[in-house]
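A closer look at the structure
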Number of protein chains: 2
Amino acid sequence: MSDRPNAARNRQLFMTRFPEGEAGPQDFEVREAPVPEPKDGEVLVEAQYLSVDAALRLIMRDSKDFLFRVQPGDLVRGTVAGRIVESRNPAFKEGDYVTGGLGVQNYSVSDGAGLSLVDTAIAPLPSWLGGMGVSGLTAYFAVTEECRLGPGKTLVVNGAAGAVGSVAGQIGRILGARVIGITGSDDKARWLTEELGFDVAINYKKGDLYDQLVAAAPDRIDAIFDNVGGPILNESLRWIGMRGTVLMCGSTSQYTQEKIEGPSNYIWLGTMRARMQGFVVYDYLDKFAEAQKQIAQWMNEGKLVLRDNIVDGDVGDFPDVFQRLYRGENRGKMVIRLPAATA
Amino acid sequence: MSDRPNAARNRQLFMTRFPEGEAGPQDFEVREAPVPEPKDGEVLVEAQYLSVDAALRLIMRDSKDFLFRVQPGDLVRGTVAGRIVESRNPAFKEGDYVTGGLGVQNYSVSDGAGLSLVDTAIAPLPSWLGGMGVSGLTAYFAVTEECRLGPGKTLVVNGAAGAVGSVAGQIGRILGARVIGITGSDDKARWLTEELGFDVAINYKKGDLYDQLVAAAPDRIDAIFDNVGGPILNESLRWIGMRGTVLMCGSTSQYTQEKIEGPSNYIWLGTMRARMQGFVVYDYLDKFAEAQKQIAQWMNEGKLVLRDNIVDGDVGDFPDVFQRLYRGENRGKMVIRLPAATA
């Protein structure tokens, strides 16, 4: 028994060369292949949504420093949300919805390792790539477990209108902190304060960022949730408060740079006994289900707004949408809805 | 009653301009003044040793960012060890030895606030500026309380032959860690391994530092005790290990720079869930006495070697000795013994 479409072809996105600066259509090509056949113990997944993640740019570098890399000639790594269309694995049945790091393609076979079953009754399928997925979970664990927040504390979120930042700021508010978001347009700033409940939103492209931070947080900053690195991180570091926390959850501004720029204001960590620390959401794997339950509850209570920035397209549109992400055109999680989408 | 020397003059060191790059004799001048008279409740201290501290360069900057600054026309800040030569304060008597931040001068009056009585039976007077003073206490609290060390862990000490680094590395060894010191000459490297018991010492001026670190610590580094910042910190950061700690106890390489250089390899904190944190020894003020007891005990047991790098000189020699410190000519704590020294 199979729900597999007859005569369908698998469109797959390959990287053709290491991008220089911003990655774009010139660095990729689509190839077509037959839809693969699952063997015993495997399933066939039909992708319905493609997650568009800024972090991809980091591993498309000509560097041996990274364990996970995309090299010229490789299928582009990426997470999808999709449907089981054929199962030869008792843990999955046809029609089940799953997410997994299956790469930017329409069809893939998997032995089930790394696939997560998702319940579309709790949240719509694309949300499992966003607020209910790795983006939201990153925000959740970073803010609840590492930022040392609470009433009376001030949280600054860089990249505040993004998939992770928009959730991080709202969770900061739920914990009682005063939340300042930094973003790149007046429109996005308005969205943060008017729809997501941020206390202050700063457009870093308008006026001096440091002066705006000092005005918004006269008693310095207790925690910085950093997504972007570069000058925005650097200016915020200059205003970090006593025993503050700087949580590094990504450095998107640096992924496109040949040479990564270090934040000279790291020196303020010294004076302020503050700490800057790395964070990887997979360290909390055991608690994912519990966190998703909490996120869903907050959504139902109207405390947390998840915005999925859904774009209709095909595998071949991925490079263009990825570029739009790097140009800051998204609000919340950017995903591509493929023609196959049913949920 | 007073032990005050008749006809003595007080030589005082003033900064005449903000130094550019390395600070040197051109930036200072000595002025003579009468020996001051203590009022009721005050004491007169005769300096016997001047502490020569790298951190001074940091506050001799034309920047409003620092709370404590030395500006053109100011007496140079500095810590001295000396003797009470006249007391009108019941907490001190003539002949008592003290340390305190009295500035670079032969005589000063104090109301006693910030003066510490020291016991020269436990350690010689100049050691109270070094291993028994702020340098040694910085090493002690940083390594024992913040570096998260123990058997099986690897500690890298930058600026390992300095006043703080040389003690930090030895305390790392006492805690059971494997200790790698980074220094600037083969002579100092030999001193670290042969006399202070460091497991490995690297001369960063010879060969590629990163390659040498990888060879010395094949399983990456658990803690970095950083004193120097700049390229040495940056290369070490690239080899920080999983959940590692980078303790910032100074950034001497940056104090002479007009523009501070940020460590681009801070990005490795992310991948490695590591943390870089500031540290200020005065946060441990309550535990100073207990720590000094422990340091003295380790010295008596032969586990800890304190090296005071004593130079005979006068107040006017301070700028030259300070310059030598910045050229890495010291081993351990650099102090000037003034002609008045009796202990």
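Okay, so let's go over this structure. Nothing here was measured: the structure is a model prediction, and the numbers come from that model.

Turning our attention to the environment of E195(B). Residues and elements named next belong to chain B. With respect to the helices, strands and loops of the structure, E195 is situated in helix α4 (residues 186-195). For the pair formed by E195 and S236, sequence separation is 41 residues and the distance between their alpha carbons is 24 Å. Residues in contact with E195, not counting those within four places in the same chain, are R190 and V305.

A word on the interface of chain B and chain A. Each partner contributes residues to the interface: chain B has 29 residues there, and chain A has 29 residues. For the pair chain B and chain A, the interface holds four salt bridges. Salt-bridge contacts for R243(B) lead to D283(A); the nearest nitrogen and oxygen are separated by 2.8 Å. If you look at where chain B meets chain A, you find seven residue pairs in polar contact (both at pLDDT 80 or more). If you list the elements that add at least two residues to the side of chain B that touches chain A, you get α6 (230-237), β12 (240-248), α8 (267-271) and β13 (275-278) of chain B. It is α8(B) that contributes the most residues to the side of chain B that touches chain A, five residues altogether. Of the residues contributing to the side of chain B that touches chain A, the split by class is 12 nonpolar, 10 polar and seven charged.

All right, on to the sheet that holds strand β9 (residues 178-183) of chain B then. With mixed pairing, the 12 strands of this open sheet are ordered in space as β10(A)-β9(A)-β8(A)-β11(A)-β12(A)-β13(A)-β13(B)-β12(B)-β11(B)-β8(B)-β9(B)-β10(B). Each edge of the sheet is formed by a strand with only one pairing partner; in this case those strands are β10 (200-203) of chain A together with β10 (200-203) of chain B. Taking each pair of neighbouring strands and ignoring which way they run, the sheet shows an average axis angle of 15°. Sheet topology places strand β9 (residues 178-183) of chain A next to β10(A); four bridges connect them, and they run parallel. Bridging from a neighbouring strand, I182(A) pairs with I202(A) of β10(A).

Counted under the stated rule, the structure contains 18 aromatic pairs over all chains. Each ring, one from Y140(B) and one from W298(B), has its centre 5.9 Å from the other, and the planes form 45°; the classification is tilted. Of this pair, Y140(B) sits in helix α2 (residues 134-146) while W298(B) sits in helix α9 (residues 288-300), and the two are 158 residues apart along the sequence. Classification of W298(B) by relative accessible area gives buried; the value is 8%. Feature note: the residues Y140(A), F141(A), F279(A), Y282(A), Y284(A), F288(A) and W298(A) constitute an aromatic cluster, connected by ring pairs. A cation over a ring is seen here: R238(A) above Y210(A), with NZ or CZ 3.7 Å from the ring centre.

Bringing the side chain of Q48(B) into the picture now. Residue and element names in this part refer to chain B. Tracing the backbone through its elements, the reader meets Q48 in strand β3 (residues 43-51). What makes Q48 buried here is its relative accessible area of 0%. In this structure, Q48 is in contact with A81, G82, R83, Y97, L125, I336, R337, L338, A340, A341, T342 and A343, ignoring residues within four places of it in sequence.

It is worth spelling out unusual backbone geometry at this point. Residues and elements named next belong to chain B. You will see that R148, though not glycine, has its phi angle at about 50°, which is positive. Counting through the fold element by element, R148 comes out in the loop between α2 and β8 (154-158). Its identity as a non-glycine residue notwithstanding, R243 has a phi of 55°, on the positive side. Tracing the chain through its elements places R243 in strand β12. For R243, a relative accessible area of 45% corresponds to the partly exposed category.

Definitions and cut-offs
Residues numbered from 1 in each chain as written. Chains lettered and ligands numbered in written order. Predicted model: local features only at pLDDT ≥ 70, side-chain atom pairs only at ≥ 80, totals over all residues. Heavy atoms only, no water. Helix = DSSP H or I, 4+ residues; strand = E, 2+ residues; numbered from the N terminus. Contact = heavy atoms within 4.5 Å. Salt bridge = Lys/Arg side-chain N within 4 Å of Asp/Glu carboxyl O. Polar contact = N/O pair within 3.5 Å; in protein donor to acceptor, adjacent residues only side chain to side chain. Nonpolar A, V, L, I, M, F, W, Y, C, P; charged D, E, K, R; others polar. Pairing = 2+ DSSP bridges. Axes fitted to C-alpha atoms, helices over the stretch in contact; angles between N-to-C directions. Phe/Tyr/Trp six-rings, centres within 6.5 Å; stacked < 30°, edge-to-face > 60°. Buried < 20%, exposed > 50% of the residue type's maximum accessible area, 1.4 Å probe, protein only. Lys NZ or Arg CZ within 6 Å of the ring centre and 35° of its normal.

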